[in-house]
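Structure assessment
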Amino acid sequence: MAKVMSSIQVLAFGLADTKRIILCDVEKPESLHSFSVDLSITYMHWMEVTEESSVLTSFYNAEDESNLLLPKLPALPKNYSTTAKIFSEEKSDEIMKLLGDVRLNALVLGGSSGFIEIYAYGMFKIATVNGVAGSCRGLCLSSDLKSLSVITEIRDSSDSEAEITYFQLDTSLLSSYLPEVTRMARKFTHISTLLQYIKLSLTCMCEAWEEILMQMDSRLTKFVQEKNTTTSVQDEFMQLLLWGKASLELQALLMNQLTVKGLKKLGQSIESSYSSIQKLVISHLQSGSEALLYHLSELKGMALWKQKYESLGLDASGIEEAITAVGSFILKANELLQVIDSSMKNFKAFFRWLYVAMLRMSEDHVLPELNKMTQKDITFVADFLTEHFNEAPELYNRKGKYFNVERVGQYLKDEDDDLVSPPNTEGNQWFNFLKNSTHLKESPLLFPYYPEKSLHFVKRQMEGIIDQCLQKPADVIGRSVRQAVCLSLYKISQSEDSTPQLFKLPFLWNDKTSNIHYVLFTILENSISKIHILRRHTDTSRSVSNGILAVEFGNILNNSINESSDSRCYSCLDAHFYDDETVTVVLKENVEQEGKERILAQLPLSSVYTDEDQDRKFIWDSTERLDERSGEIPTCTVFLENQWRVLENMKAQYVSVNGIRKVSCVLSSNLRHVRVFEMDVEDDGEVEEEEEEEATQIATGEPDELTQPAENQDSMCGASAEELPDETEEHETGLDP
């Protein structure tokens, strides 16, 4: 299931197994955004608002202040595997590609069990619609946001017949507050994009941290388990520092397991890894967090304007909690920076001393510049050994190691456990001041601080609070949607039920000019499948004349194809709107015989809705299905003149059209053959001559040179699964016979 938003060239598709929606660029193979839904998606609709007003025009023309006040987010490094390409482009403004134009567009998702959700710009949920029964077969949100038409398949049990039902839902709240919804939706989308940016920044930091950094902890733990002396590891290293002599066991650990070369490599890895993480925190994590704080603060200001935004469910108190959570995340990021800075200094001094000591053990030459060590350096290394080389049996029970010399990795672990080595806040004057101040301790102006939690934990906590805060408008807007119309259309027989769901009627269409929803469906009447057209105004308070009509095709179509003058009836196999004024249909004769081909035709709505038909009324009765009253539905007989074409040597069944590109695609009933037709051909001399030649060939029974020969067609239809050839694409120009 996929839909394209043509104005910004973004493709949305859903995965049934993982229940995820993925947005990607149609021009480049890259994922832009993804999110999870609760149920599998059965239908998607992507629409763009076309409503105009003075307020909207001024908003569209106004420049986003965030572009002026906030620096551009730096692109994430390209050398990390999990980095989304949209965040690693040379132009950092690619991050906002999903927003496209300022004009609001929305992705509407429909699934089983009445699941319907609306996502602004395809990214952030602005409405969760309830009260619709059945599995969604089609939906269409009007371009003025006043109405949502939904077609569902309702089944009481697995072996019962499915009932196709049409719902029209009143979404006037979205229409009434369109400027406010647009502003709110853009803020939501900015926030959602920044959350993804922060998540990817943190993922890059995790990739920059290497497992080799844990080597010191594992080697020391093994040393504790194998040594025979009662001297602690800390005392062993202290003796080496003070007296320049190491026990035989410590010497074996350093020279045989760690080695001089290994120590040098470990020091380089720690310096490189810590530097990369430090750069990511400063340039990406902090800048993304500050931008997130800005947009949430603006959203809080919008929520305080209750006259405009209270009806949409914006809650200032909930947004304040989200701002506080972002502040806590920024504090934790600053704490990580301090730990990185301290660890880099400690490790550099420790490895320099240990490197010289190991060179002396191996009786290698020590450079004079390395051999110099002041009393300050000795004190620094001694403090490092005292703080980091204490054996911790309780740590072994938790992590399987006695030491936690490496302190940065614990901040990047995605787990709920407390930090193994939280920062020491004893003697910190600010902490002591807050602890002794009863007024500041509970002040809302101060961000909460979680000294014993990892950066990942605080990030997940922040995401949860923001999601909960921004979920309320979706619930409030969803509850405002009310059911205006519920019509039972028809039941699906068991034979029809086996047809692939992707190609089933009914088909929904929204006329943006006249603000009318159209529903195309067929009802079997006297062995003839007639096409029915249901019209509903997007303003649920207004009615439309000829709300429903049945269409049958006159015999002139039959007489034009065959020399026989027998009166035959045509059934509609499939129908789609080509544009606001034309419907493309696939027809077949009700009594199929050899030589009776199927037909692709264009049905102008002007031939269906005429002035003479205005008096024909149909009295709605919601307690009965339309197929039970098919004889009472007004019927319009249409005589097509030249807007049709015979589909020779093809058992056509389905059609898909694109009025913008002026093409129709016809698919065979066995789903193995496809033909593409150019619907509007320029009326030049050469085209006219080609059309005359085609008409002569059809009249004389000669096959079209672009049409596959009958014997080849039959062989393809009868091929086994192992011998099935590739799907063929036959381009045919012109629709007129």
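Residues numbered from 1 in each chain as written. Predicted model: local features only at pLDDT ≥ 70, side-chain atom pairs only at ≥ 80, totals over all residues. Heavy atoms only, no water.

Focus on the pattern of salt bridges
As enumerated under the stated definition, the model contains 14 salt bridges in all. The salt bridge partner of glutamate 298 is lysine 187, with a shortest N-O separation of 2.4 Å. Highlighted residues: glutamate 298 in helix H8 (residues 260-304) and lysine 187 in helix H4 (residues 178-208), separated in sequence by 111 residues. Looking at glutamate 298, the relative accessible area reads 26%, which means it is partly exposed. A salt bridge links glutamate 463 to lysine 459; its shortest N-O distance comes to 3.6 Å. Of the two residues, glutamate 463 and lysine 459 are both situated in helix H16 (residues 455-480); the distance of four residues between them amounts to about one turn of the helix. (Salt bridge = Lys/Arg side-chain N within 4 Å of Asp/Glu carboxyl O. Helix = DSSP H or I, 4+ residues; strand = E, 2+ residues; numbered from the N terminus. Buried < 20%, exposed > 50% of the residue type's maximum accessible area, 1.4 Å probe, protein only.)

Looking at the sheet that holds strand S11 (residues 162-170)
Strand order in this open sheet of four strands is S9-S10-S11-S12, and the pairing throughout is antiparallel. One side of each edge strand has no neighbouring strand; the edge strands of this open sheet are strand S9 (135-141) and strand S12 (482-492). Pairs of neighbouring strands in the sheet enclose a mean axial angle of 15°, with direction left out of account. (Pairing = 2+ DSSP bridges. Axes fitted to C-alpha atoms, helices over the stretch in contact; angles between N-to-C directions.)

Remarks on unusual backbone geometry
Phi angles above zero are rare outside glycine, and lysine 662 is one such case at about 60°. With respect to the helices and strands, the residue lysine 662 is situated in the loop between strand S22 (652-658) and strand S23 (663-668). One non-glycine residue, leucine 671, lies in positive phi territory at about 65°.

Structural notes on the confidence of the model for the protein chain
Residues of the protein chain with pLDDT of at least 70 account for 76%, and the chain-wide mean is 77. The low-confidence segment residues 497-503 (pLDDT under 50) makes 15 contacts with residues lying over four places distant or belonging to another chain. Low confidence marks residues 558-567, where pLDDT is under 50. Its contacts with residues over four positions away, or in another chain, come to 15 contacts. (pLDDT = per-residue confidence, 0-100. Contact = heavy atoms within 4.5 Å.)

So, helix H7 (residues 248-258)
Within H7 the residues assigned to the buried category are Leu250, Leu253, Leu254 and Leu258. Viewed end-on, H7 has its buried residues packed into an arc of 85°, placing them on one side of the element. Structural note: H7 exposes Leu248 and Asn256 on the side pointing more than 90 degrees away from its buried face. One or two residues past the end of H7 sits threonine 259, with phi positive at roughly 65°. (Arc of directions from axis to C-beta.)

Topic: the packing of H7 against helix H10 (residues 316-361)
Relative orientation of the contacting elements H7 and H10 amounts to 95°, with a least axis distance of 11 Å. As far as their axial angle goes, H10 and H7 are roughly perpendicular. The segment H7 lies against H10, with Gln251, Leu254, Met255 and Leu258 engaging Leu354, Met358 and Met361. Within the contact of H7 with H10, the residues separate by chemical class into six nonpolar, one polar and no charged. (Parallel < 35°, antiparallel > 145°, perpendicular 65-115°, else oblique. Nonpolar A, V, L, I, M, F, W, Y, C, P; charged D, E, K, R; others polar.)

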